Amino acid sequence: MTRVMQFNSPFLLGFDALERMLERAAKASDGYPPYNVEQLPTVEGEALRITLAVAGFSREELSVTVEENHLVIRGRQLEEEERTYLHRGIAARQFQRSFVLADGIEVKGARLENGLLVIDLEKPEPARTLRTIEIAEDEPAAPARRVTRDAARSPATE
């Protein structure tokens with residue numbers, strides 16, 4: 001069951017991009033290839049690892065890109081025309097899997113080992129800033145300027 005989130009409340013202004021992002025993430029979940037997301041221990045910040053099962057794909061048949069705030073993994077196996085299969089249980093299908101990245105998350109690297117594509121992500125601890133705002137002294141208000149009209153030229157007397 002898919003839960004549709006609506007941001008059409010008058011109290012939620014400017015959340016159109018968030019709604020589109022959630023819709024895009026919901027559409028991208030077809031289940032292939034299977035993957036894991038793990039949180040790694042770090043001294044500072046946050047580290048994540050995404051592992052995709054991509055058995056049968058070579059490095060040349062895989063691509064990992066970051067498009068705006070989306071991590072996109074694509075795979076496309078080339079067909080070998082000279083083979084004749086009596087049974088084909090291992091599909092050579094293309095895929096695209098995308099993950100929405102929060103602001104500040106950086107892709108540190110990707111590697112292919114034993115049929116698993118491993119992508120390491122890091123979110124450094126944000127620099128904490130302290131800014132003191134000086135409070136100004138009350139300055140006496142400037143006297144209001146009076147505007148007077150010449151009584152002889154006033155529209156009321158014409």
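Up top is the structure these notes are about.
Values in this document were obtained by computation on a predicted structure and should not be read as measured data.

What to know about the overall build of the chain
Alright, step 1. Secondary structure summary: the chain contains 1 helix and 7 strands in total.
Alright, step 2. When its helices and strands are written in sequence order, the chain yields α-β-β-β-β-β-β-β.
Alright, step 3. Looking at the chain residue by residue over its 158 residues, the buried ones come to 20%.
Alright, step 4. Of all intrachain contacts in the chain linking residues separated by at least 6 positions in sequence, the fraction that spans at least 24 positions is 48%.
Alright, step 5. Counting only carbon and sulfur atoms, one obtains 51% of the accessible surface of the chain, whose full area is about 13700 Å².

Notes on the sheet that holds strand β2 (residues 46–53)
Alright, step 1. Pairing within the open sheet is antiparallel, and its 4 strands lie in the order β1-β2-β7-β6. The two strands at the open ends of the sheet, each matched to only one other strand, are β1 (35–40) and β6 (106–113). Between one strand axis and the next, the sheet turns through 20° on average, direction left out of account.
Alright, step 2. Looking at chain direction, β2 and strand β7 (residues 116–123) are connected through 8 bridges and run antiparallel. Within the sheet, the bridge partner assigned to A53 lies in β7 and is L116.

Notes on the packing of aromatic side chains
Alright, step 1. On inspection of all chains with the given rule, the structure shows 3 aromatic pairs.
Alright, step 2. Summarising the aromatic geometry, the rings of Y35 and F99 are spaced 5.2 Å apart at their centres and angled 85° between planes, so their arrangement reads as edge-to-face. Of this pair, Y35 sits in strand β1 while F99 sits in strand β5 (residues 95–100); the two residues are 64 residues apart in sequence, bridging distant segments of the chain.
Alright, step 3. Using a relative accessible area of 37% as the deciding quantity, one classes Y35 as partly exposed.
Alright, step 4. The class for F99 is buried, based on a relative accessible area of 12%.

Here is what the cut-offs are and how they apply
- Residue positions are counted from 1 within each chain, in the order its sequence is given.
- Restriction of local features to residues with pLDDT of at least 70 applies here, the model being predicted, together with a cutoff of 80 or more for giving and counting side-chain atom pairs; totals for whole chains, interfaces and linings are based on all residues.
- Water and hydrogen atoms play no part in the side-chain values, which are based on all heavy atoms of the structure.
- Helix and strand definitions here come from DSSP, where helices need a minimum of 4 consecutive H or I residues and strands a minimum of 2 consecutive E residues; each element is numbered from the N-terminal end.
- With a 1.4 Å probe rolled over the protein chains alone, any residue whose accessible area is under 20% of its type maximum counts as buried; one over 50% counts as exposed, and the rest are partly exposed.
- Residues are treated as being in contact if the distance between any of their heavy atoms lies within 4.5 Å.
- Working definition of accessibility: Shrake-Rupley area with a 1.4 Å probe, residue cover restricted to the visible protein chains.
- We treat two strands as partners when DSSP finds at least two bridges between them.
- Only C-alpha atoms enter the line fits that serve as axes; for helices the fit covers just the stretch in contact. Angles between N-to-C directions range over 0 to 180 degrees.
- Pairing of aromatic side chains requires ring centres within 6.5 Å, counting the rings of Phe and Tyr and the six-membered ring of Trp. Pairs whose planes differ by under 30 degrees are stacked, by over 60 edge-to-face, and all others tilted.

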